[in-house]
Amino acid sequence: MSILKKVKRCSHCGSILQAEDPTKSGYISPLILKKYPDGILLCDSCFNEVKQEKSEVILNKDFIKVLEAIKKTNSLIIYVLDIFSFEGGFSSEVTELLSDLDVIAVANKVDLMPLKSDERQLKEYVSHRLRVAKLNVKDVILTSSNTGYNIDKLRELIAETRNHRDVYFLGSQNSGKSSLISEIIKNFNNTTGRMIVTYTFPETSLRGFRIPTGTKNYIYEVPGFPINNSLINILDKPISTYIIPKKPVENRKVTISEKVSLAIGGICFVELTDGEKTVLNCYFSSKIDVKTKRGEALKFFNSILKNGDQKNTSFKFRDLSNFDVYDFFVEEKGERDLGILGLGWMQFKGNSQTFRVYVPRGTYVFTTRAKLNNVK
Ligand SMILES: Nc1nc2c(ncn2[C@@H]2O[C@H](COP(=O)(O)OP(=O)(O)O)[C@@H](O)[C@H]2O)c(=O)[nH]1
Ligand SMILES: [Mg+2]
């Protein structure tokens, strides 16, 4: 009788996997092959490539031109960050170009954070991250353009800090720049005789807004830089509206182990491939199911993808071969976040675990120190 054996392929480039010759295509370390006989595998070359894919935003030339022009003007920068999708707000290229300017950092959408969040600590977290990014931050303020929280304070802060200078609202797409500006100018009486206009930045095709705020100065909204590696831009329409929370996210606590795996809707799957059982505090939109199951992880994930409903599953990502797979070995102790850009994060105690995380191809996955340290 003949024996049929499935040939293993690299799930990224498709080449046939082999553990014999590192100089030939499809080479995978024999150790990995042995450790995960049934796993979804990447050849070593793709594994390294995927690992090195950075979270970086690639800025187009026009955008750099705008930033360079702003840099020469000594204006005040309002750097708007979406506190829920925080990692998407950073680009080392942007922060480098802004390094000499005065910056007020606005962490917006604070209405989406869990109700018991410690605000002082959240602010400290944002400040720390901005210090690491080497921005010259004058102040950090948490806001919500939805609830109006701290909008008056932000308006006052801008008035105190700008010193008749121009003000530029900058940040990634959807961080809330337009919403914040419209809240700030709500009761503003335009006596300048000049109009609010859509504004094309000189020598570029970038269009933003320009609002006259004094005899010689303006507030500008610069178009947001794109975050291509956020799930918001990767998933198709119906589900992308479900993953954006509409109210404060609530902690859903689950425990995973080498025998119990986790599915966040049908869009992110997590296995613990090594280490002690771990409690994960899951912060995702309440519309997305959070489920764990004992038993074979891949069987569990595949059944979710097969049977998933519209709310939890993307039309584009119905097959695990369309998912990127990452192994995270957690070296750090203490409270950590494991996050998926655009979806949310899981907080856990670092304890030399290895997590294997499956996400739709191209999605940014990261670990950082915990954003919310004291939330119950
Ligand atoms: N929950 C929440 N959503 C917000 C807030 N500010 C803006 N948004 C939403 O985020 C999306 C993008 O906002 P927008 O102001 O257009 O962002 P921009 O691209 O930076 O100008 C919209 O759907 C807004 O309704 C906020 O404070 N809280
Ligand atoms: Mg806008």
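Residues numbered from 1 in each chain as written. Chains lettered and ligands numbered in written order. Predicted model: local features only at pLDDT ≥ 70, side-chain atom pairs only at ≥ 80, totals over all residues. Heavy atoms only, no water.

(A) Geometry of the packing of helix α6 (residues 151–162) against helix α7 (residues 177–184). Closest axis-to-axis distance for the α6/α7 pair is 10 Å, and the angle between their directions is 80 degrees. For the element pair α6 / α7, the angle class is roughly perpendicular. Contact residues: α6 offers Ile-151, Leu-154, Arg-155 and Ile-158, while α7 offers Leu-180, Glu-183 and Ile-184. When grouped by side-chain class, the residues that make up the contact of α6 with α7 number 5 nonpolar, no polar and 2 charged. (Axes fitted to C-alpha atoms, helices over the stretch in contact; angles between N-to-C directions. Helix = DSSP H or I, 4+ residues; strand = E, 2+ residues; numbered from the N terminus. Parallel < 35°, antiparallel > 145°, perpendicular 65-115°, else oblique. Contact = heavy atoms within 4.5 Å. Nonpolar A, V, L, I, M, F, W, Y, C, P; charged D, E, K, R; others polar.)

(B) Local environment of the coordination of the magnesium ion (ligand 2). Around the magnesium ion (ligand 2), the protein contributes the donor atoms Ser-178 (OG) and Glu-221 (OE), at 2.1 to 2.3 Å from the metal centre. Separated by 43 residues along the polypeptide, Ser-178 in helix α7 and Glu-221 in strand β7 (residues 218–221) bring together distant segments of the chain. (Donors = N, O, S within 2.8 Å, 3.2 Å for Na, K, Ca; no water.)

(C) α6, seen in detail. Under the 1.5 Å per step criterion, the end-to-end length of α6 is 16 Å for 12 residues, consistent within 8% with the ideal 16 Å. Taken as a whole, α6 has its buried residues at Ile-151, Leu-154, Leu-157, Ile-158, Thr-161 and Arg-162. Down the axis of α6, the buried set is contained in an arc of 115 degrees. They therefore lie on one face. Relative to its buried face, α6 has exposed residues pointing more than 90 degrees away, namely Ala-159 and Glu-160. Residues of α6 that are buried sit in contact with β1 (76–82), β2 (102–108), β3 (137–142), β4 (167–171), α7 and β7. (Expected span 1.5 Å × (residues − 1). Buried < 20%, exposed > 50% of the residue type's maximum accessible area, 1.4 Å probe, protein only. Arc of directions from axis to C-beta.)

(D) Region of the structure containing the pattern of salt bridges. Throughout the structure, instances matching the rule amount to 14 salt bridges. Close ionic contact of Glu-87 with Arg-129 constitutes a salt bridge, the shortest N to O distance being 2.8 Å. A residue pair is termed long-range when its members are at least 10 positions apart, and Glu-87 in the loop between β1 and α4 (92–97) and Arg-129 in helix α5 (residues 119–132) qualify at 42 residues. Each of the two residues, Glu-87 as well as Arg-129, counts as buried. Where Lys-138 meets Asp-102, a salt bridge forms, and the shortest distance between an N and an O atom there is 3.9 Å. Separated by 36 residues along the polypeptide, Lys-138 in strand β3 and Asp-102 in strand β2 bring together distant segments of the chain. The partly exposed category is assigned to Lys-138, whose relative accessible area is 47%. Overlapping salt bridges, with partners in common, bring together Asp-102, Lys-138 and Arg-165 in one network. (Salt bridge = Lys/Arg side-chain N within 4 Å of Asp/Glu carboxyl O.)

(E) How the structure looks around the site of ligand 1. Taken together, 16 residues are adjacent to ligand 1, and Asp-111, Ser-145, Asn-174, Lys-177 and Ser-179 come closest. In this structure, an oxygen atom belonging to ligand 1 sits 3.0 Å away from a side-chain N or O atom of Lys-109. Asn-146 has a polar side-chain atom sitting 3.3 Å from a nitrogen atom of ligand 1. Across the complex, the protein chains shield 72% of the 580 Å² of accessible surface that ligand 1 would expose by itself. Counting residues per element, the shell around ligand 1 draws most heavily on α7, which supplies 3 residues. Across the shell around ligand 1, the residue classes break down as 1 nonpolar, 11 polar and 4 charged. (Near = heavy atom within 4 Å. Polar contact = N/O pair within 3.5 Å; in protein donor to acceptor, adjacent residues only side chain to side chain. Areas by Shrake-Rupley, 256 points an atom, 1.4 Å probe, with all protein chains shown as cover.)

(F) Inspection of the sheet that holds strand β17 (residues 365–369) at higher detail. The strand order across the open sheet built from 5 strands is β8-β11-β15-β14-β17, with neighbouring strands paired in antiparallel fashion. Two strands lie at the open edges of the sheet, namely β8 (252–256) and β17, each paired on one side alone. Pairs of neighbouring strands in the sheet enclose a mean axial angle of 25 degrees, with direction left out of account. Judged from the 5 bridges that link them, strand β14 (residues 334–340) and β17 form a sheet pairing that is antiparallel. Across the sheet, residue Leu-338 finds its bridge partner in β17, namely Thr-367. (Pairing = 2+ DSSP bridges.)

(G) Layout of the nonpolar core. With 44 residues, the main nonpolar core has Leu-262, Met-346 and Phe-355 as its most contacted residues. Element by element, the count of residues in this core is highest for helix α10 (residues 297–307), at 6 residues. Not counting the four nearest positions on each side in its chain, Met-346 is found in contact with Leu-262, Ile-264, Val-270, Leu-280, Asn-281, Cys-282, Phe-284, Arg-336, Asp-337, Leu-338 and Ile-340. One finds Tyr-79, Leu-101, Val-110 and Tyr-218 within the second-largest nonpolar core, a separate group that totals 43 residues. (Core = buried A, V, L, I, M, F, W, Y, C linked by side-chain atoms within 4.5 Å.)

(H) How the structure looks around the domain arrangement of the chain. Structurally, the chain comprises domain 1 (1–52), domain 2 (61–221) and domain 3 (232–369). The C-alpha-based centres of domain 1 and domain 2 are spaced at 46 Å. (Domains from an automatic or database assignment.)

(I) Just the packing of aromatic side chains, in detail. As enumerated under the stated definition, the model contains 17 aromatic pairs in all. Arranged with centres 5.3 Å apart and planes meeting at 25 degrees, the rings of Tyr-283 and Trp-345 form a pair that is stacked. Residue Tyr-283 is found in strand β11 (residues 278–284), and its partner Trp-345 is found in strand β15 (residues 344–350); the two are separated by 62 residues along the sequence. A single burial state applies to Tyr-283 and to Trp-345, both of which are buried. An aromatic cluster of at least three residues, connected via ring pairs, comprises Phe-269, Phe-300, Phe-301, Phe-317, Phe-323 and Tyr-358. Here the basic side chain of Arg-210 rests over the ring of Tyr-218, its NZ or CZ set 4.2 Å away from the ring centre. Positioned over the ring face of Trp-345 is Lys-371, at 4.0 Å from the centre of the ring. (Phe/Tyr/Trp six-rings, centres within 6.5 Å; stacked < 30°, edge-to-face > 60°. Lys NZ or Arg CZ within 6 Å of the ring centre and 35° of its normal.)

(J) Structural view of the side chain of Asn-150. Looking at where Asn-150 falls in the secondary structure, it is placed in the loop between β3 and α6. In this structure the side chain of Asn-150 is engaged in a polar contact, spanning 2.8 Å, whose partner is the backbone oxygen of Leu-142.

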